[in-house]
Amino acid sequence: MSQAREILRVEGLGKRFPGVVALDGVDFDLRAGEVHVLLGENGAGKSTLIKMLSGAYQPDSGRILVDGEPVAIRNASDAQRLGIATIYQEFNLVPQLTVGENLALGRPPRRFGFVDTRRMHEQARGMLDLVGVGVDPRTRVADLGIAQMQMVEIAKALALNARVLIMDEPTAVLTTSEVRRLFELVGQLRERGVAVVFITHHLEEIAQIGDRVTVLRDGRSVTQVPAGTPEEELIRLMVGRPIDQQYPRQASAAGEPLLQVRDLSLAGAFSGVSFEVRAGEVVGLAGLVGAGRTEVARAVFGADAPDSGEVLVRGRRLPGGDVRAAMEAGLGLVPEDRKGQGLVLGADIAENLGLVTLRGASHGGFVDRAGQRKAAARVADQLGVRMSHLGQEVRTLSGGNQQKIVIGKWLLADAGVLILDEPTRGIDVGAKVEIYQLINSLTASGHAVLMISSDLPEILGMSDRILVMARGRLVGELEAADANQDSVMALAVTEVEDARVH
Amino acid sequence: GSAGAGSGGDVKIGMSISTLNNPYFVQLRAGAEAEAKKLGVTLTVTDAQNDASQQVNQVQNFTSQSMKAIIINPVDSDAAAPAVKIAERSNVPVIAVDRGVNGGKVAQTVASDNVAGGKLAAERLAKEIGEKGEVVVLQGVPGTSASRDRGQGFADGIKAFPGIKVVAQQPADFDRAKGLDVMTNLLQSHPGVTGVFAENDEMALGAIKALGAKAGKDVKVVGFDGTPDGLKAIEAGTLAASIAQQPALLGRQSVQNAVKAVKSEQLQATANVPVKVATKDNLSEFTGA
Amino acid sequence: MSTNVLAVRPTARTLLAENGSVAALVVLVVALSLLSGDFLTVTNLLNVGVQAAVTAILAFGSTFVIITSGIDLSVGAVAALSAIVLAWTAADSGLPWPLATLVALAVGIGCGLVNAALIAYGKLPPFIATLAMLGVARGLALVVSQGSPIEMPEAVSHLGDTVGGYLPVPVLVMALMGVIAAVVLNRTYAGRAMYAIGGNEEAARLSGIAVSRQKLVTYALSGAFAAVAGIVLASRLASAQPQAASGYELDAIAAVVIGGASLSGGKGRALGTLVGALILAVLRNGLNLLSVSAFWQQVVIGVVIALAVLLDTLRRRSGR
Amino acid sequence: MSTNVLAVRPTARTLLAENGSVAALVVLVVALSLLSGDFLTVTNLLNVGVQAAVTAILAFGSTFVIITSGIDLSVGAVAALSAIVLAWTAADSGLPWPLATLVALAVGIGCGLVNAALIAYGKLPPFIATLAMLGVARGLALVVSQGSPIEMPEAVSHLGDTVGGYLPVPVLVMALMGVIAAVVLNRTYAGRAMYAIGGNEEAARLSGIAVSRQKLVTYALSGAFAAVAGIVLASRLASAQPQAASGYELDAIAAVVIGGASLSGGKGRALGTLVGALILAVLRNGLNLLSVSAFWQQVVIGVVIALAVLLDTLRRRSGR
Ligand SMILES: Nc1ncnc2c1ncn2[C@@H]1O[C@H](COP(=O)(O)OP(=O)(O)OP(=O)(O)O)[C@@H](O)[C@H]1O
Ligand SMILES: Nc1ncnc2c1ncn2[C@@H]1O[C@H](COP(=O)(O)OP(=O)(O)OP(=O)(O)O)[C@@H](O)[C@H]1O
Ligand SMILES: [Mg+2]
Ligand SMILES: [Mg+2]
């Protein structure tokens, strides 16, 4: 490998934003036919680095060389011309357009100067088959699940036939089977001599797919190591200290049932879902993408009204489709789509953290903003949010730090039953452990947690009990002690009558 | 309707008024409606909201409704021609009221002359301020024919008085609130003003508000239209004069002559409704009516 | 995923479902036919078409802008300015009318380009940029015309006439502009880029769409459509008026939104906009025919617009 | 993490940076002071305050709505209707003026609630719902008044006067309404909810904010502010006019946007709105003082508005 030709090189790259130095001298090089992993804590500057390679940002200092020649990448077209394709951490799809149009965005096939929609959708079908997503190219992207969107993003980048493919946390929203498919594709690309930049917070993926690893810390490139480096060593390099236990679950005695769900159904999403969550318990909800876990969580929380069935909190029945009632009964939901449902991106950190407690902090219609701010400062500190100050717009936070804000606002609310939908998506190993500790302290104080996650090790490591869903139905329940990856996966692929087909 | 003074049973007449934003045209409508009631004809009134093309639409719609005659109060004299042609094609006689129609054949124009009125206003204002001093003009919506003609008439008329200087002309869009604001501002830059000509009574009333105690004493204001509020101000002495066009009379005559046109009676090309200067001395002529 | 992935052709039903305003138009037409014997005649329907034409043409232009999540408040003023320039260059400078017409179109496009430059490069909110242009264009129309109407050249005025004494030219122009709008939106790169920009401007940029340049195209098209609307309007009146089309911008935007577009961008269709403009025209025509008193007309128009769109949203929700 | 996380107090500098329109206002004032000796006098500045008052009060109300990413086109018409109802109930029904004033406020709030109901429950786009209300309210104002001005009750008319022969009451009312708007926006649950809803409605809903109910509050406030503006306007003229405040909705929205709010929601401040309204008033006042010709005024206003906001965006960008 080491003899392979160097395609891309970055020297002393720097980038500052108001109040933040995001990058402070990064060196990095990329060879044909390698998968080069970028590793670093949340806010270390990984996304900022790749955004300068893709033309989204301009560097303040340093230079970028392609094939040994210094280049200026001023916009996305420049990057495309240089053969660089990028999958961003945040979705860059147009929700109102079809999958096919998104795949051809900016360069649709044309006939006599007019867009050839038919050919566009035919080409799209081929690309979707390649990545193994069975969606109709004429579906609107707004109607896709989040994992399907990610696969569309991947297909879109592949369609460019680039020499350099940059992937910013592509696996964060995927489940095992899709990750496997993705890795197969990356393997094929590597063989064709494509150079891949890969960002992930799933350390086990590094050895599976990577060749070399560049570690970023506080905006600097600290070292470069082979992908075979042991995980503990990688963690030490990245976080600056070792972490002894990745899943520090301390089970507490299960108490009375706090949340009971009975025969809950919603046409087109799930049917006959029943389970309960007890005080002091962490219940994991596993399943393949599209199994309907998110929909169940939303219905339980009142974000959608179920067609039938009931939800009880501490024995009291909740009205369907009423978020306020659910919250008053002590439910909380950390949604999976942080940009769309979790955050007010244009508002500042304090405002976002205080959103859930806004009502509680109001007396006679007036909000105790000083108190809100103090509480926000406490939580931000507890979660180690990397920010310049509490007044920073959430939009400008790194992806992982945004996720911490979504979790943080519910920590402040002190919900009796917290439903976490993919809570650690995009969060670095160090911060994950912090969140797990928080879950521990919640359950220790008699709260309950329902955790949806597509990260199987996390489900196995942190749950006391595991529920598995497949195709809109609850297909099994496992005690944590008896569960392993294989037993969960076996249930998750159970062939049941699809609750969504009528 | 009830058989009136020898009119045909259900004669339908359509009337498109340029705007009902303004008390002047509300009075015109009232006159027309009163006359229609008297004559026992059905009168349909539409409001073109000062939009020439909406007016064409309305005339077009009148022909679909098989009106026997159409009274048009043009938003704009030039732009009314196509409307008149549409009616012509359906052989419906058209009476123009208040403003003429350029380039279309109407059975009759019932009007009082805005240019002549502007001239009268100039003469009256000159007399009020002793034929010397600084005056300001509050203009209507720029580009409307009423503003054009009255402004033109005033400019022509005031030339005869070399002692009078027009120190500012500013638009206040025929609106009372804007008249107040603009006059307030002009008083800052021209504190020595002794006369104001407003192209309608609404702006004149706004200017009077701005002038406060000076209105009618140090500063003479002449308005246009002779609206009820304007006449009240004349009575109170704050408004020196208003060029009264007798809109109700215009409305009445237009309906009378429209009915004559329906009966194919011969009409004169123009029926002039006199423009009068309403002052404190002859006020009863206007309020009595 | 088991459904037929090829079942994607828009059927009449999905067309109706997507352009729900059609239902509102149908209800309105039926109601007016019952209420007034004069409504459902060929002449009157052609009148409605003529009366919708100017708003519809302006609204087609606004559709482009609204799809990119912009707004164009200047269309009425630009229409007036273009017509004034046409009449003025033809009358005063003695330019032959085809050249004068081209100059008028160029004025419309120029205004649009200035709007776009302010928005794309000056980063002004579209509301402010086009509000400023409204004032500038209306003011220039007054300055050029000295506040007085100018006669349109004879040849151009025929645009306000009928073909064969029957078919009104404004309706033909409206149809033509509608087709152009539909083709641009559905079939051209520029049109698809408008949807992308309105749906997610950042994604569009990162996919290599030259967002600023596409905005220039968008607002230039809106300006060109406004110029055409202004010429049609002036032809109907046989004279170009500095105050023509005042306030039409709100009608145009209303037509676009009634037609199913969203002011937050990414959505909208030429056909929907046409239906929106027809709803407004039918409503005004009907109220005239029914001799509704002038004061009540505004009330009724307001109520009916709300009901029409309400019908649409309710139907769409129940259809889910 | 090394920086002080509690360093969030807005300093004078950040205040200026956030309300960049202040700079534009200062430039405008300096320019006019140089151009006209009559501009920088206490009397004239108070005049400007009076002339800004009605727009500013309407704009404060619109600020609430725009922050929730809505739009309220009905404010001018609602202002007129409220004033007409006040004058009419006081004159015709002989209601004592305090009661009549309450009725007028109730009318404003009622119009706002209808707007909100159409938007929150009927799912109408705010543009359409409030455009419909514009027609309905203006029409009702004409119907109630029979198209003619109605005299305001003597007692209420004092709102148009001065205190101690110097300080104009409209300026005081404007200041009071501004303070109320600022407090509502910054300190109350309703205000914070407006920002959240405008920033991300779904996130707000999932955080337990009753979005529909808060929209009722928002539009009701806008209606109440419109009623106050209408009463102040009518008091200044001592008469309520059915056509008063026509087109003021665009001025109000412009003031809000010039003041730094975004029509896509989540941003906006009462102080910025005040500055926006002052910019418009200063501009019109200055043009009168400078005796700019009627035809050119609209051009100049357009250009200056564009420049003012341009100055703001450029400064903000260079500040980066
Ligand atoms: N537009 C911006 N304005 C201000 N600060 C920014 C902006 N974009 C990024 N930053 C800051 O730059 C730093 C680096 O962010 P970046 O997104 O590169 O982190 P990352 O390594 O990708 O983290 P994660 O693993 O959480 O995605 C963060 O502190 C972030 O807050
Ligand atoms: N066979 C199907 N028929 C109809 N809709 C489907 C089908 N499969 C998936 N979907 C839809 O796709 C979406 C998948 O959602 P999503 O991926 O959020 O599900 P999930 O179980 O929560 O998975 P995850 O939490 O891993 O994202 C849902 O909206 C679901 O209704
Ligand atoms: Mg990142
Ligand atoms: Mg999910």
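Keep in mind the model is a prediction, meaning the values are calculated, not measured.

Participant: Even after reading the chapter, I still don't get the interface of chain C and chain D, so can you show me in this structure?
Facilitator: A common way to report how large an interface is uses the accessible area buried once the components associate. If you look at the interface, chain C gives 37 residues, while chain D gives 37 residues. At the boundary of chain C with chain D, total buried surface from both sides reaches about 3400 Å², with 84% on carbon and sulfur atoms. If you sort the residues of chain C by the area they bury against chain D, F127(C), L250(C) and F295(C) come out on top, with a joint share of 18%. Linking chain C with chain D are zero salt bridges, by the criterion used here. Counting only elements with at least two residues in the side of chain C that touches chain D, the list comes to α6 (126-145), α12 (248-258) and α14 (294-319) of chain C. Among the elements that line the side of chain C that touches chain D, the one with the most residues is α14(C), at twelve residues.

Participant: Would you explain the sheet that holds strand β6 (residues 84-87) of chain A in this entry?
Facilitator: Paired through backbone hydrogen bonds, the strands of a sheet run either parallel or antiparallel to each other. Residue and element names in this part refer to chain A. Sheet architecture is open: six strands sit in the order β6-β9-β10-β3-β11-β12, paired in mixed fashion. Both edges of this open sheet fall to β6 and β12 (220-226), since each of them pairs with a single strand only. The mean inter-strand angle of the sheet, taken between neighbouring strand axes irrespective of direction, is 20°. Bridge count for strand β3 (residues 35-40) against strand β10 (residues 195-199) is four bridges, and the pairing is parallel.

Participant: Just to check I follow, could you spell out the coordination of the magnesium ion (ligand 3) for this structure?
Facilitator: When a metal holds four donors in a tetrahedron, each ideal angle between them is 109.5 degrees; when it holds six in an octahedron, the ideal angles are 90 or 180 degrees. Residue and element names in this part refer to chain A. In this structure, S47 (OG) and Q89 (OE1) serve as the protein donors to the magnesium ion (ligand 3), at separations of 1.9 to 2.0 Å. Residue S47 is found in helix α1 (residues 46-53), and its partner Q89 is found in the loop between β6 and α3 (99-103); the two are separated by 42 residues along the sequence. Both residues of the pair, S47 and Q89, belong to the buried class.

Participant: What's the story with the relation of the copies chain C and chain D in this structure? I'm lost.
Facilitator: Comparison of the two chain copies shows a relationship of rotation about an axis with a shift along it. Note on the copies: chain C fits chain D at an RMSD of 0.1 Å, the axial shift is 0.0 Å, and the rotation between them is 180°. The symmetry that links the two subunits is that of a two-fold axis. Looking at the rotation axis and the C-alpha trace of chain C, the residue lying nearest is S264(C), at 3.7 Å. When you check the interface residues of chain C against chain D, 100% turn up at the interface there too, and the contact is symmetric in its surfaces.

Participant: Which parts of the structure should I look at to understand the layout of surface pockets?
Facilitator: The gaps left among the atoms become clear once a water-sized probe is rolled over them. In this structure, the second largest pocket spans a volume of roughly 1000 Å³. Residue lining of the second largest pocket: 39 residues in total, with P82(B), I86(B), R89(B), G160(C) and D161(C) positioned closest to the centre. Going through the elements one at a time, α2 (52-64) and α3 (81-89) of chain B together with α3 (42-67), β1 (150-151), α7 (154-157) and α11 (211-237) of chain C are the ones with two or more residues in the lining of the second largest pocket.

Participant: Even after reading the chapter, I still don't get the site of ligand 2, so can you show me in this structure?
Facilitator: With respect to spatial proximity, 16 residues lie near ligand 2, and among them A291(A), G292(A), R293(A), T294(A) and E295(A) are the closest. One chain alone does not account for the residues near ligand 2; they come from chains A and C. E295(A) places a polar side-chain atom, nitrogen or oxygen, 2.9 Å from an oxygen atom of ligand 2. Starting from 620 Å² of accessible surface for ligand 2 in isolation, the protein chains cover 80%.

Participant: Would you explain a nonpolar patch on the surface in this entry?
Facilitator: Among the surface-exposed residues, V42(C), V163(C), Y166(C), L167(C) and L172(C) lie close enough to one another that they form a single nonpolar patch of about 450 Å² accessible area. Within the secondary structure, V163(C) sits in strand β2 (residues 162-163).

Participant: Sorry, what's going on with the coordination of the magnesium ion (ligand 4) here?
Facilitator: Residues and elements named next belong to chain A. Within the protein, the atoms that donate to the magnesium ion (ligand 4) are T294 (OG1) and E336 (OE), at distances of 1.8 to 2.4 Å. Here E336 lies in the loop between β18 (331-334) and α11 (338-342) and T294 lies in helix α9 (residues 293-301), a separation of 42 residues in the sequence. Assessed through its relative accessible area of 16%, T294 is described here as buried. A relative accessible area of 17% places E336 in the buried class.

Participant: I keep staring at the UniProt feature "transmembrane region" (unreviewed entry) in chain C and nothing clicks. Help me out?
Facilitator: All names here are of chain C. In this numbering, the UniProt entry assigns the feature "transmembrane region" (unreviewed entry) to residues 21-42, 48-66, 73-91, 97-120, 127-145, 165-185, 216-238 and 295-314. Strand forms 0% of residues 21-42 and helix 73%; the C-alpha atoms that close the span are 23 Å apart. Span residues 73-91 is 89% helix and 0% strand, its end C-alpha atoms 29 Å apart.

Participant: Please explain the arrangement of the chains as it appears in this structure.
Facilitator: The assembly contains five pairs of chains in contact; the pair sharing the most contacts is chains C and D. The two units chain A and chain B remain apart, with a minimum C-alpha distance of 37 Å.

Participant: I'm lost on the site of ligand 1 in this one. Help?
Facilitator: Residues and elements named next belong to chain A. Neighbouring ligand 1 are 22 residues; G43, K46, S47, T48 and G400 lie closest to it. Within the side chain of Q89, a nitrogen or oxygen atom sits 2.9 Å from an oxygen atom of ligand 1. Relative to its unbound accessible surface of 640 Å², ligand 1 loses 91% to contact with the protein. Elements with a contribution of two residues or more to the shell around ligand 1: β2 (20-31), α1 and α14 (399-413). Per-element tally for the shell around ligand 1: the top contributor is α1, with three residues.

Conventions and cut-offs
Residues numbered from 1 in each chain as written. Chains lettered and ligands numbered in written order. Predicted model: local features only at pLDDT ≥ 70, side-chain atom pairs only at ≥ 80, totals over all residues. Heavy atoms only, no water. Contact = heavy atoms within 4.5 Å. Buried area = accessible area lost by both parts, 1.4 Å probe. Salt bridge = Lys/Arg side-chain N within 4 Å of Asp/Glu carboxyl O. Helix = DSSP H or I, 4+ residues; strand = E, 2+ residues; numbered from the N terminus. Pairing = 2+ DSSP bridges. Axes fitted to C-alpha atoms, helices over the stretch in contact; angles between N-to-C directions. Donors = N, O, S within 2.8 Å, 3.2 Å for Na, K, Ca; no water. Buried < 20%, exposed > 50% of the residue type's maximum accessible area, 1.4 Å probe, protein only. Least-squares fit on C-alpha atoms with pLDDT ≥ 70 in both. 1 Å grid on protein atoms, 1.4 Å probe; cavity = no way out; pocket = protein on both sides within 12 Å on 5 of 7 lines; lining within 4 Å. Points joined across faces, edges and corners; volume = space filled by probe spheres on them. Near = heavy atom within 4 Å. Polar contact = N/O pair within 3.5 Å; in protein donor to acceptor, adjacent residues only side chain to side chain. Areas by Shrake-Rupley, 256 points an atom, 1.4 Å probe, with all protein chains shown as cover. Patch = residues over 30% accessible without salt bridge, like charges linked within 9 Å, V, L, I, M, F, W, Y side chains within 5 Å. UniProt positions renumbered as here; feature names shortened; annotations may be inferred.

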